[in-house]
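Coordinate inspection notes
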Amino acid sequence: MVLRGTRMKRGMLVASLLILSLMAAPAGAFSADNLRITVETDGSAEVTFNYTLSWIERIAVFFRIAEPEQELRSALEMATGAPVTVTSARSDSATFSIQGFAKVRSTDAGNVYSTPGLDFTGAQKMLDRYWFAPLVEADFSPDLTVVRFPDGHEETFADQSAIPALSHMVP
C-alpha cells in the first residue's frame, strides 16, 4: 500500500513537471515554408503555400478559431485585387486559384506576363486579431518563393518579406 502511494505521488510529480514545462515553453511559431505561384497562359494562377503551425495554432485551427487558408485568401485578394478561391486546405498547406493574377499583354514578339508584387508584412496585422497572437512568433517570409511562368521560366526568392512585381515575355 505504501509503495502504491509513493508511485502515485511520483506520477503526479512527473505530470506536474510536464505541465509546468509546457507552460514555460514558448508557444512556437508560424513559419512560412514555401510559396509556389504557377502562372497559366490566360493569366490565372495556382498558388500553393506550405507552412508550419505551432501547437497553439493547431489547437486554434482544430476548434475553427483560426482558419489560416481564409486569412491567406484574404491577404492574396488584397494584394492582387483579384478574386481568390481556396481549392484545398490542410494543416500544413493551402492551395488557391486566382483568376486574373497576371496581366497578359500581346505583342508581336509574344505575350508579356506581369504579376503583382506581394508584401507579406501585413500578415502580422491579421494575426494580431486573434487572442493567441501574443503567444505566437510568426515568420511570414517564405523560406522559398517560386514564380513559374507558362514557358517554364522561374523566378525564385529566398526568405523575402516582399516579392516584387515581375514581368516576363513568353514568345
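Above this note sits the structure.
Nothing here was measured: the structure is a model prediction, and the numbers come from that model.

Quick notes on the rules
- Residues numbered from 1 in each chain as written.
- Predicted model: local features only at pLDDT ≥ 70, side-chain atom pairs only at ≥ 80, totals over all residues.
- Heavy atoms only, no water.
- Pairing = 2+ DSSP bridges.
- Helix = DSSP H or I, 4+ residues; strand = E, 2+ residues; numbered from the N terminus.
- Phe/Tyr/Trp six-rings, centres within 6.5 Å; stacked < 30°, edge-to-face > 60°.
- Expected span 1.5 Å × (residues − 1).
- Axes fitted to C-alpha atoms, helices over the stretch in contact; angles between N-to-C directions.

Another point: the pairing of strand S6 (residues 110–115). In terms of strand pairing, strand S5 (residues 103–107) meets S6 through five bridges, oriented antiparallel. Counterpart to Ser106 in the pairing with S6 is Asn111. Linking two consecutive strands that pair antiparallel, namely S5 and S6, is a turn of two residues. Pairing between S6 and strand S12 (residues 166–170): five bridges, direction antiparallel. When the sheet's bridge partners are listed, Thr115 is paired in S12 with Leu166.

In this structure the tally under the stated criterion is one aromatic pair. For the pair Phe49 and Tyr51, a centre-to-centre distance of 5.8 Å together with 35° between the ring planes defines the contact as tilted.

For helix H3 (residues 68–80), spanning 13 residues, the distance from its first C-alpha to its last is 18 Å, which sits close to the expected 18 Å at 1.5 Å a residue. Following H3 by one or two positions, Gly81 has its phi on the positive side, about 70°.

One open sheet holds the three strands; their spatial order is S5-S6-S12, and the pairing between them is antiparallel. Each edge of the open sheet is held by one strand with a lone partner, namely S5 and S12. When the angles between neighbouring strand axes are averaged without regard to direction, this sheet yields 20°.

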